[in-house]
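# Close look at the chain arrangement
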Amino acid sequence: MRALILSLLIVLAVPAPAQELSALARLDAAASSVTATGEGLALDLAISQPAPWRIRFLDAPPRLILDAREIDWTGSAGLEVPPAITALRAGSFRPGWSRLVVELAGPHRLTAAEMVTDPSGTAIRLALVPTDPASFAAEAARPDLPEWAAPDPAELPVLLPQGGGPITVVLDPGHGGIDPGAEREGQTEADLMLTFARELKEVLLRDGRFSVVMTREEDVFVPLETRTSIARSAEADLFLSLHADALAEGEAQGATVYTLAEDATDAASAALAERHDRDDLLAGVDLSDQDDVVAQVLMDMARTETRPRTDRLAQAMVAAIKGADIRMHRNPLQSGGFSVLKSPDIPSILLEVGFLSSERDFARLTDPAWRARMAEALRQALLAWADEDAALRGAAQP
Ligand SMILES: [Zn+2]
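Residues numbered from 1 in each chain as written. Predicted model: local features only at pLDDT ≥ 70, side-chain atom pairs only at ≥ 80, totals over all residues. Heavy atoms only, no water.

### Some words on the side chain of Ser76
Condition: Secondary structure is summarised from DSSP: a helix means a run of H or I of at least four residues, a strand means a run of E of at least two, and numbering begins at the N terminus for each. It only takes one pair of heavy atoms within 4.5 Å for two residues to be counted as in contact.
Along the chain, Ser76 turns up in the loop between strand E6 (71-72) and strand E7 (85-94). Apart from residues no more than four positions distant in its own chain, Ser76 is found in contact with Leu27, Leu88, Ala90 and Leu100.

Okay, here's the thing in structure tokens:
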């Protein structure tokens, strides 16, 4: 950790070359404010347009680090700050990324962090309150991604698949609207998965290497077929359907990763896939001709190429979730005939984040801290997969 802090200090001590960035977005200092609130701090940073961003803390001295893709922070020099902030510094950090360092008089933690876009413009809004030194130290000591800890641009790995654009992830919160999915103690699978999908979307967007499309942003019914066509029109690199179903007690506990197969791994997986299709039918959607949308032979050809990519994605997810010490099902990798996974050319996964029928899973699913760990594990899984996928595809080309 000390080495990291030193290297950062060195980077920050070097005067940033007069913004090498071809900055796309710019801080509007006049429209921004940094104020002391009741017991904490509120930062309202107006920027000229939305940009990928991420936040972390570093200790000794306590600092909040705001990295953003191509935001020109030059205007931050004109910001008035309350005494709880001892310094503001800004400059380019790595190619295409700039960094705003908010030096704090004491340890703080975030209570809110969001990028808001409305007719009046775009702003990054942060709220901080004081915290104890031990909690802050633990947060600041969280290891960063290797490529962020080492600011030497020459050593940065190439992580982006398919032509270097962002990794386009379609997140599919299961159920919704008239189809609430599983229910327990007044909570529905549809609501829980929408909450988790929103949190995961934030985690992915803050990373900066993902673009995220959601199949639903609110509590509405979306037919399974529409979910897959959303993935196609988004030209998704991968599709991730999020569920927390109920199975007979004792049968299922822990996160489970499902891929598509004609023959389900077991009776429970078959029942789960059937029930999702039946829910769709009950909601007034006829799936019977879904496979006629594209000629079967073309789909089979595409699936032959997609299948190994999907399998690697599933394996990366199991590895990352286990690596985060998150409880998984005793058979964490399963398959079934889920209609929502039938895109022939897009690696598609259905993740049972947990099962509402399990009391322990229910406690985990309703715990924001647990969900944050799961979201972080999934971010790492998707990056690991994209990295490997890009390497394998690169190797396959002449
Ligand atoms: Zn479900």
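### So, the coordination of the zinc ion
Short version of the rule: Each metal site lists N, O and S donors within 2.8 Å (3.2 Å for Na, K and Ca). With water left out of the atoms, a site can look as if it is missing ligands. Partly exposed residues are those whose accessible area sits between 20% and 50% of the maximum for their type, while under 20% is buried and over 50% is exposed, using a 1.4 Å probe and protein chains only.
Taken together, His175 (NE2), Glu189 (OE), His243 (ND1), Asp245 (OD), Asp245 (OD) and His276 (NE2) make up the protein donors of the zinc ion, found 2.1 to 2.6 Å from the metal. Sequence spacing of the donor residues for the zinc ion, all on one chain, is H-x13-E-x53-H-x1-D-x30-H. Note that His175 is positioned in the loop between strand E11 (167-173) and strand E12 (183-184) and His243 in strand E15 (residues 238-243), a separation of 68 residues in sequence. By the burial criterion, His175 is buried, and His243 matches it.

### As for the pattern of salt bridges
What counts here: What makes a salt bridge here is a side-chain nitrogen of Lys or Arg within 4 Å of a carboxyl oxygen of Asp or Glu, nothing more.
Under the definition given, this model contains 16 salt bridges. Here Asp72 and Arg26 are joined by a salt bridge, their closest N and O atoms 3.1 Å apart. On the criterion of sequence distance, the pair formed by Asp72 in strand E6 and Arg26 in strand E1 (residues 25-26) is long-range, its members being 46 residues apart. The exposure class assigned to Asp72 is buried, which follows from its relative accessible area of 7%. Residue classification places Arg26 among the partly exposed residues on the basis of a relative accessible area of 47%. With a shortest N-O distance of 3.5 Å, Arg125 and Asp44 are connected by a salt bridge. A residue pair is termed long-range when its members are at least 10 positions apart, and Arg125 in strand E10 (residues 121-130) and Asp44 in strand E3 (residues 41-47) qualify at 81 residues. When salt bridges with common partners are traced through the structure, they connect Asp207, Arg209, Glu376 and Arg379 into a single cluster.

### Thoughts on the sheet that holds strand E16 (residues 255-260)
As a reminder of what qualifies: Only when DSSP finds a minimum of two bridges between them are two strands counted as paired. Fitted lines through C-alpha atoms serve as axes, helices being fitted only where they are in contact, and the angles separating the N-to-C directions of these axes extend from 0 to 180 degrees.
Reading across the sheet, the 6 strands line up as E14-E11-E15-E18-E16-E17 and stay open at both edges, with mixed pairing between neighbours. The two strands at the open ends of the sheet, each matched to only one other strand, are strand E14 (210-214) and strand E17 (328-336). Direction aside, the axes of adjacent strands within the sheet are offset by 25 degrees on average. Here E15 runs beside strand E18 (residues 348-352); their pairing, made up of 5 bridges, is parallel. Of the residues in E18, the one forming a bridge with Phe239 is Ser348. The sheet strands contacting helix H4 (residues 189-207) are E11, E14 and E15, and the helix crosses E14 at an angle near 160 degrees. Of the strands in this sheet, E11, E14 and E15 are in contact with helix H5 (residues 224-233), which crosses E11 at around 165 degrees.

Limitation: the analysis is restricted to geometry and does not speak to function.
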